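Examination of the molecular architecture
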Amino acid sequence: METYIEASVILLLLTDIALFGTSRLYTCITIAAVQGVLLGLIALFANAETFIPRIIVIASIGIVIKAFVFPYLLKRTIRQAGVQREIQPFIGYLSSLVVSLVLFGVSIWFSAKLPLALGAGRSMIIPAAIMTMFTGLFLIVARRKALTQCIGYIVCENGMYLFGMVAVGEIPALVELGILLDAVAAVTVMGVAMYHINREFDHIDTDRLSSLKG
Amino acid sequence: METEIIAMYAFSIIHMFVGFALAPLMIGIVNRTKAVFAGRTGQPFLQPYYDMVKLLRKGAVYSRTTSWIFRAAPVVGLACAVAALAIVPFGNAPGLLSFEGDLVFFAYVLGLWRFFLVIAALDTGSAFEGMGASREVQFSAMAEPVLFVGLATVATLTGSLSLSDMIAGLSLPLAEIVLVAAALFVVFLCENARIPFDDPNTHLELTMIHEVMVLDYSGPDLGFVLYSAALKFWVLGALIIGITVPLDEGLPVWASCGYAFLGMVMLALLTGIVESVMARVRLLRVPQLLAAAGALAICALIFSMR
């Protein structure tokens, strides 16, 4: 099981780095969906010995929502808005890749400072979780399109989910389901908001929203 | 024990000859794979050999603007390729010339070869070849750090600086190895002028990198250039296979060489598949692709140091 966990964590890190360097929105959505599946798999692998139905159910619900519902909602938004790619991000893609490596180093350094007791084969989970959160925050800060920022939000949530899974362990099912519900609601609301931004301005660049302030 | 070591070095020598003999076959396999993907029958596997033999029998034409550099470059290139082949281990057989720090020698033997190709291209005085030379240098300047970071990762994992010891000391499966292999595969495609970077089939001027530099060569010189390119494919391929294919220490040397050869064939197939399903990326995007490979390699390095 440790091998599988490790492999999933590495793949998760790779999806993070891929998000830093992708400009196509469809690809970004797909990567975020893959990330959701990987998270579910990590949760399942981590609890494979102790067969707890609650965890399996929550992991499965998470996979369904993150791998099918979110991509569906976001792709529908893309179709409505008619955008294909993030054209001029605030930080270019080459620089983003460099930033990703720096952030990766920072998350490894940071996780080494955290006093957490972890099982064998899980030493990479905390850095991966922190890195995923960083990725989400970076997407929110450095990208111009509302949709990429929404993906950033989802990715950030993924990171927190992973962190909670390892660091806290026993999260009540109600809380986890509540978080998932919140995420779904947020993505739906953001989709609607993007639709309106698009109708009002003919684009979904959020930086121009600041001109609305009187 | 003595006889075993002798057997190993015998295999190192045999590997040299196997490399000489089979390197063009790999190019043939790549071409055949692409043909199958495109629904064609394709050229025979041995076509690269026929081409080279044909070229060796012809006479060469030299432009009057060229100097001795232009004539020396194919020979230097072939010598560099042979030197690189002597360093790379194959299967359990160590490289013929393995010494501490030979990975730097390996990288710069390839660098010397590139240098000569580039100055020979400039020597022709053709603006067109100069453009190709400029691109080649630009991309290899980015591919080389990736190669070094990848090799540094393996060196950190095994605590050794000689390619043969590094590859013998690896134990699979490790996450770092997967990352390094992916990064090195990108370098492999770039250095061999394969599709995401350069289209070996194209003769459309604006897109060419490697092909354009050797446009002025003819006859035996072109044969040398093609043969060294095949050897380069083999050498870099052997490096990737050495890192990725797990081999038991106790395996007989001939069997491990057999596995490594199978690995080479798979790598050639993979290259053909990549060429068939991908388009060449825009020149402006090439640095980004190499940076992504570099990101993988640096990730692997960070992992290996934790």
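By the naming in an unreviewed UniProt entry, chain A is Hydrogenase, taken from Candidatus Raymondbacteria bacterium RIFOXYD12_FULL_49_13. What the UniProt record of chain A gives under Subcellular location (unreviewed entry) is the line "Cell membrane".

Looking only at helices and strands, chain A has seven helices and zero strands in total. When the helices and strands of chain A are read in sequence order from the N terminus, they spell out α-α-α-α-α-α-α. Since a compact globule built from 214 residues should have a radius of gyration of about 17 Å, the 17 Å found for chain A is in line with a globular shape. With the C-alpha coordinates aligned to their principal axes, the bounding extent of chain A is approximately 55 × 35 × 30 Å.

Turning to helix H4 (residues 102-123) of chain B, a few remarks are in order. The end-to-end C-alpha distance of H4 of chain B, which contains 22 residues, comes to 31 Å, matching closely the 32 Å that a straight helix rising 1.5 Å per residue would cover. Just past H4 of chain B, the residue glycine 125 of chain B takes up positive phi, approximately 75°.

Residues and elements named next belong to chain B. Evaluated as defined, the whole model comprises seven cavities of 30 Å³ or more. Taken as a whole, the largest cavity encloses approximately 110 Å³ of empty space. Taken together, 13 residues form the lining of the largest cavity, with Glu136, Phe139, Cys190, Glu191 and Ile209 sitting closest to its centre. Those elements that provide at least two residues to the lining of the largest cavity are helix H5 (127-158) and helix H7 (175-191). At four residues, H5 tops the list of elements feeding residues into the lining of the largest cavity.

Of the residues lining the interface, 17 residues belong to chain A; the matching set on chain B comes to 14 residues. A buried area of about 1300 Å², summed over both sides, lies between chain A and chain B, and 81% of it is on carbon and sulfur atoms. Viewed at the interface, chain B and chain A are joined by zero salt bridges. For the pair chain A and chain B, the number of links is one residue pair in polar contact (both at pLDDT 80 or more). Going through the elements one at a time, helix H1 (2-21) and helix H4 (93-113) of chain A are the ones with two or more residues in the side of chain A that touches chain B. For the side of chain A that touches chain B, the element with the highest residue contribution is H4 of chain A, accounting for seven residues. Class assignment for the residues of the side of chain A that touches chain B results in 11 nonpolar, four polar and two charged.

Annotation from UniProt places "transmembrane region" (unreviewed entry) at residues 25-45, 51-69, 90-112, 124-143, 150-168 and 174-195 of chain A. Structurally, residues 90-112 of chain A is divided into 87% helix and 0% strand, and its ends, taken at the C-alpha atoms, are 31 Å apart.

Residue and element names in this part refer to chain A. Their axes nearest at 7 Å, the elements helix H5 (residues 125-142) and helix H6 (residues 146-167) cross at an angle of 160°. In this view, H5 runs roughly antiparallel relative to H6, as classed from their interaxial angle. Considering how the two elements wind past one another, H5 and H6 form a crossing that is left-handed. Residues that form the contact of H5 with H6 fall into these classes: 17 nonpolar, eight polar and no charged.

Counting residues in each nonpolar core, the largest one holds 129 residues, and the members touching the most others are Phe104 and Leu162 of chain A together with Phe106 of chain B. Per element, the largest residue contribution to this core is 14 residues, and it comes from helix H9 (residues 219-244) of chain B. Not counting residues within four places of it along the chain, the set of residues in contact with leucine 162 of chain A comprises Leu12, Leu39, Ile42, Ile125, Ala128 and Ala129 of chain A. Core analysis: the second largest hydrophobic core is formed by 26 residues, Cys28, Ile29, Ala32 and Ala183 of chain A among them.

Residue and element names in this part refer to chain B. Where nonpolar side chains cluster on the molecular surface, the patch consists of Ile5, Tyr9, Ile13, Phe17, Leu96, Leu97, Phe99 and Phe105 and spans about 720 Å² of accessible area. A total of four residues in the nonpolar patch trace back to one element, the largest contributor, which is helix H1 (residues 2-37). The residue leucine 97 is located in the loop between helix H3 (68-87) and H4 in this model.

A few words now on the packing of aromatic side chains. Geometrically, a pair of aromatic rings is defined through the distance of the ring centres and the angle of the planes. Within this structure, the stated rule accounts for 12 aromatic pairs over all chains. Taken together, a centroid distance of 5.9 Å and an interplanar angle of 90° make the contact between phenylalanine 115 of chain B and phenylalanine 116 of chain B edge-to-face. The class of phenylalanine 116 of chain B is buried, set by a relative accessible area of 16%. For the cation-ring pair, lysine 66 of chain A lies above tyrosine 161 of chain A, with the distance from its terminal atom to the ring centre recorded as 4.3 Å. Directly above the aromatic system of tryptophan 113 of chain B lies the positively charged group of lysine 232 of chain B, at a separation of 4.8 Å from the ring centroid.

Our focus in this paragraph is the pattern of salt bridges. Residues and elements named next belong to chain B. Under the definition given, this model contains seven salt bridges over all chains. Its salt-bridge partner being lysine 232, residue glutamate 191 comes within 3.3 Å of it at the nearest N-O pair. With glutamate 191 in helix H7 and lysine 232 in helix H9, this pair connects stretches of sequence that are 41 residues apart. Each member of the pair, glutamate 191 together with lysine 232, is buried.

Taken as a whole, the largest pocket spans an internal volume of roughly 890 Å³. Surrounding the largest pocket, 26 residues form its lining, Ala18, Gly21 and Thr22 of chain A together with Leu289 and Ala292 of chain B being those nearest its centre. Of all the elements in the fold, those that place two or more residues in the lining of the largest pocket are H1 and helix H2 (25-46) of chain A together with H7 and helix H11 (286-305) of chain B. Examining the composition of the lining of the largest pocket, we find that six residues originate from one element, H11 of chain B, more than from any other. When grouped by side-chain class, the residues that make up the lining of the largest pocket number 18 nonpolar, five polar and three charged. Looking at the second largest pocket, its volume works out to about 760 Å³. Surrounding the second largest pocket, 30 residues form its lining, Ile27, Arg194, Pro200, Glu211 and Leu226 of chain B being those nearest its centre.

Criteria and cut-off values
Residues numbered from 1 in each chain as written. Chains lettered and ligands numbered in written order. Predicted model: local features only at pLDDT ≥ 70, side-chain atom pairs only at ≥ 80, totals over all residues. Heavy atoms only, no water. UniProt positions renumbered as here; feature names shortened; annotations may be inferred. Helix = DSSP H or I, 4+ residues; strand = E, 2+ residues; numbered from the N terminus. Rg over C-alpha atoms; globule rule 2.2 N^0.38 Å. Expected span 1.5 Å × (residues − 1). 1 Å grid on protein atoms, 1.4 Å probe; cavity = no way out; pocket = protein on both sides within 12 Å on 5 of 7 lines; lining within 4 Å. Points joined across faces, edges and corners; volume = space filled by probe spheres on them. Contact = heavy atoms within 4.5 Å. Buried area = accessible area lost by both parts, 1.4 Å probe. Salt bridge = Lys/Arg side-chain N within 4 Å of Asp/Glu carboxyl O. Polar contact = N/O pair within 3.5 Å; in protein donor to acceptor, adjacent residues only side chain to side chain. Nonpolar A, V, L, I, M, F, W, Y, C, P; charged D, E, K, R; others polar. Axes fitted to C-alpha atoms, helices over the stretch in contact; angles between N-to-C directions. Parallel < 35°, antiparallel > 145°, perpendicular 65-115°, else oblique. Left-handed = near helix turned anticlockwise from the far one by under 90°. Core = buried A, V, L, I, M, F, W, Y, C linked by side-chain atoms within 4.5 Å. Buried < 20%, exposed > 50% of the residue type's maximum accessible area, 1.4 Å probe, protein only. Patch = residues over 30% accessible without salt bridge, like charges linked within 9 Å, V, L, I, M, F, W, Y side chains within 5 Å. Areas by Shrake-Rupley, 256 points an atom, 1.4 Å probe, with all protein chains shown as cover. Phe/Tyr/Trp six-rings, centres within 6.5 Å; stacked < 30°, edge-to-face > 60°. Lys NZ or Arg CZ within 6 Å of the ring centre and 35° of its normal.

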